[in-house]
Amino acid sequence: MTDLLSALGWDADWESTFASYADRGLVPARVGRVDRGRFEVLTGDETLLALGQIGAGTLIEQQPATGDWVALDTQPEGLVITDVLPRRTLIMRSSAGRRSEGQVMAANVDTVLIAVPLERETKLGQLERFLTVAWESGGQPLVVLTKADVADDIETAQLRVEEAAPGATVLALSAETGEGMEALRAALGTTTALLGQSGAGKSTLVNTLAGEEVMATQETRQDGKGRHTTTTRELIALPGGGVLIDTPGLRGIGVHDASDGVAQSFSDIEELAEACRFADCVHETEPGCAVRGAITDGHLTERRLLSYRKQLREVEWAGRRNDPAARAAHAKRWARMTQANKGLGQTKRSDRP
Ligand SMILES: Nc1nc2c(ncn2[C@@H]2O[C@H](COP(=O)(O)OP(=O)(O)O)[C@@H](O)[C@H]2O)c(=O)[nH]1
Ligand SMILES: [Mg+2]
Ligand SMILES: [Zn+2]
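Computed from a predicted model, the values in this text were never measured in an experiment.

Trainee: When you look at the pattern of salt bridges in this model, what are you seeing that I'm missing?
Mentor: For side chains of opposite charge, pairing can occur when their charged atoms come near one another. This structure, assessed with the given rule, holds 15 salt bridges. Among the salt bridges present, the one from aspartate 268 reaches arginine 304, with a minimum N-O distance of 2.9 Å. Here arginine 304 lies in helix α10 (residues 302–322) and aspartate 268 lies in helix α8 (residues 267–273), a separation of 36 residues in the sequence. Residue aspartate 268 is classed as partly exposed on the basis of its relative accessible area, which comes to 22%. Salt bridges linked by common partners bring Glu128, Asp268, Arg303 and Arg304 together as one network.

Shown next as structure tokens:
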């Protein structure tokens, strides 16, 4: 294993996965950027351009993406990616359209950093979407409250965010003053991807961590609209080890195919629901509802329950479009919910097998 590759996140497990490719004379590299069918690949000591040898009809999910480890065929006439190594994690987002087609944002990310600017009130519903995408990827979410130098009340903001992010570490920091940057360095994974809205301060964080201007950042504009920023690189190896992946800012993010992610994002509600008297409680007017109980005594906000429902509906809706069995199950569940609202036909938890 070369030190050059390990600076990009290569380890003994990747090495052993790669053994059969190495036998075929192929060389490992990490995808740094995808540019219209061509791939910028990093070998540790250089950045090269490669073409993908991907068959027609291959799913978009299987195309090489930023962060992928790939096998390269080093032909004299040019480099060709022959294979994508099995991914450990994958950050996917739903495309904006109505079709439930995913778009790969980054592969093999251990820590999903979600940047949330403290200069304006945090949109918790949007943060919860980013968290769902992060959990669904298989990586560990890390919420970073940026621009602490311009915040009025960091503590209150942090508490609100912590309630919306069970299971995730939440850090407040300022790239401007350096406050909180050491804690961030300690919390980074081997590969960390930065997600968040445009203007959240992602590229500024990348530059600060890299110790140089590797990413273009936005000029501050009076009208609050983000300027289009030209990205120079996407995947950056840090001088002290570790890799960062900057992503373009997103207005919103879909959670269409993220049912596991939703469950993890709302683990507090899912745990509470375990204690509801009825196993199929929909947390409306049922007696013995632990979720409503938590709202009543202030441990859970109504806002968060609504956000959970919204995400669940989105996931179900996407699933049903693609799957007749899921469509039928939904019809059944819907019938049960309408019955439940009339207070009829519920199953007591103890009656269930
Ligand atoms: N006051 C202050 N401004 C910051 C900080 N970090 C970033 N900014 C500003 O926020 C704006 C957006 O930053 P940028 O890194 O381009 O955001 P991105 O779109 O998420 O990559 C820029 O004008 C930055 O100068 C910070 O810690 N404090
Ligand atoms: Mg940026
Ligand atoms: Zn309930």
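Trainee: I'm lost on the sheet that holds strand β13 (residues 243–246) in this one. Help?
Mentor: Hydrogen bonding along the main chain pairs the strands of a sheet, whether they run parallel or antiparallel. Ordered by their spatial adjacency, six strands build an open sheet running β10-β9-β8-β11-β13-β12, and the pairing between neighbours is mixed. The two strands at the open ends of the sheet, each matched to only one other strand, are β10 (169–172) and β12 (235–237). Pairs of neighbouring strands in the sheet enclose a mean axial angle of 25°, with direction left out of account. Alignment of strand β8 (residues 111–117) against strand β11 (residues 191–195), held across four bridges, turns out to be parallel.

Trainee: It is not clear to me how the site of ligand 1 should be interpreted in this structure. Could you clarify?
Mentor: Lining the immediate surroundings of ligand 1 are 17 residues, of which Lys147, Asp149, Gly199, Lys202 and Thr204 lie closest. Backbone polar atom of alanine 175 to an oxygen atom of ligand 1: 2.9 Å apart, as the coordinates give it. With respect to ligand 1, the side chain of serine 203 contributes an N or O atom lying 2.9 Å from an oxygen atom. In isolation ligand 1 has 590 Å² of accessible area, and contact with the protein removes 84% of it. Grouping the constituent residues of the shell around ligand 1 by class yields three nonpolar, 10 polar and four charged.

Trainee: Any chance you could explain the environment of serine 16 here in plain terms?
Mentor: Mapping serine 16 onto the fold places it in helix α2 (residues 12–23). A polar contact of 3.2 Å, which involves the side chain of serine 16, links it to the backbone oxygen of aspartate 13.

Trainee: Explain the coordination of the zinc ion (ligand 3) here, please?
Mentor: As a benchmark, a tetrahedral metal site with four donors has ideal angles of 109.5 degrees, while an octahedral site with six donors has ideal angles of 90 or 180 degrees. Distances from the zinc ion (ligand 3) to its protein donors, namely Cys276 (SG), Cys281 (SG), His283 (ND1) and Cys289 (SG), fall within the range 2.1 to 2.4 Å. Between the four donor atoms coordinating the zinc ion (ligand 3), the angles at the centre fall across 106 to 115°, so the site counts as tetrahedral. Within one chain, the residues serving as donors to the zinc ion (ligand 3) are arranged as C-x4-C-x1-H-x5-C.

Trainee: What exactly am I supposed to notice about the nonpolar core here?
Mentor: A general trend in soluble globular proteins is that nonpolar side chains are found buried together. Formed by 61 residues in total, the largest nonpolar core has its most connected members in Ile91, Leu127, Leu131, Val143 and Val291. When residues of this core are assigned to their parent elements, the largest contribution, seven residues, is made by helix α3 (residues 124–137). Leu184, Leu209, Met215 and Leu244 belong to the second-largest nonpolar core, a separate cluster that totals 20 residues.

Trainee: So what exactly am I meant to see when it comes to the confidence of the model for the protein here?
Mentor: Any region with low pLDDT has predicted coordinates that should not be read closely. For the protein, mean pLDDT is 87; residues scoring 70 or higher make up 83% of the total. Note on residues 220–231: pLDDT is under 50 here. Beyond four places in sequence and across chains, it has 10 contacts.

Trainee: Would you mind showing me how to read helix α4 (residues 154–164) here?
Mentor: Since the α-helix turns once every 3.6 residues, residues separated by three or four places project in the same direction. Of all the residues in α4, the buried ones are Ala157, Gln158, Val161 and Ala164. Buried residues of α4, viewed axially, fall in a sector of 120°; they line one side. Opposite its buried face, α4 presents the exposed residues Glu155, Leu159 and Glu163, each directed more than 90 degrees away.

Trainee: Help me out: how do you make sense of the environment of methionine 92 in this one?
Mentor: Among the secondary structure elements, methionine 92 is positioned in strand β6 (residues 90–94). Once the C-alpha coordinates of methionine 92 and glycine 254 are considered, the two residues, 162 residues apart in sequence, prove to be 9.3 Å apart.

Thresholds, definitions, all that
Residues numbered from 1 in each chain as written. Chains lettered and ligands numbered in written order. Predicted model: local features only at pLDDT ≥ 70, side-chain atom pairs only at ≥ 80, totals over all residues. Heavy atoms only, no water. Salt bridge = Lys/Arg side-chain N within 4 Å of Asp/Glu carboxyl O. Helix = DSSP H or I, 4+ residues; strand = E, 2+ residues; numbered from the N terminus. Buried < 20%, exposed > 50% of the residue type's maximum accessible area, 1.4 Å probe, protein only. Pairing = 2+ DSSP bridges. Axes fitted to C-alpha atoms, helices over the stretch in contact; angles between N-to-C directions. Near = heavy atom within 4 Å. Polar contact = N/O pair within 3.5 Å; in protein donor to acceptor, adjacent residues only side chain to side chain. Areas by Shrake-Rupley, 256 points an atom, 1.4 Å probe, with all protein chains shown as cover. Nonpolar A, V, L, I, M, F, W, Y, C, P; charged D, E, K, R; others polar. Donors = N, O, S within 2.8 Å, 3.2 Å for Na, K, Ca; no water. Tetrahedral: all angles 85-135°; square planar, octahedral: opposite > 155°, others 65-115°. Core = buried A, V, L, I, M, F, W, Y, C linked by side-chain atoms within 4.5 Å. pLDDT = per-residue confidence, 0-100. Contact = heavy atoms within 4.5 Å. Arc of directions from axis to C-beta.

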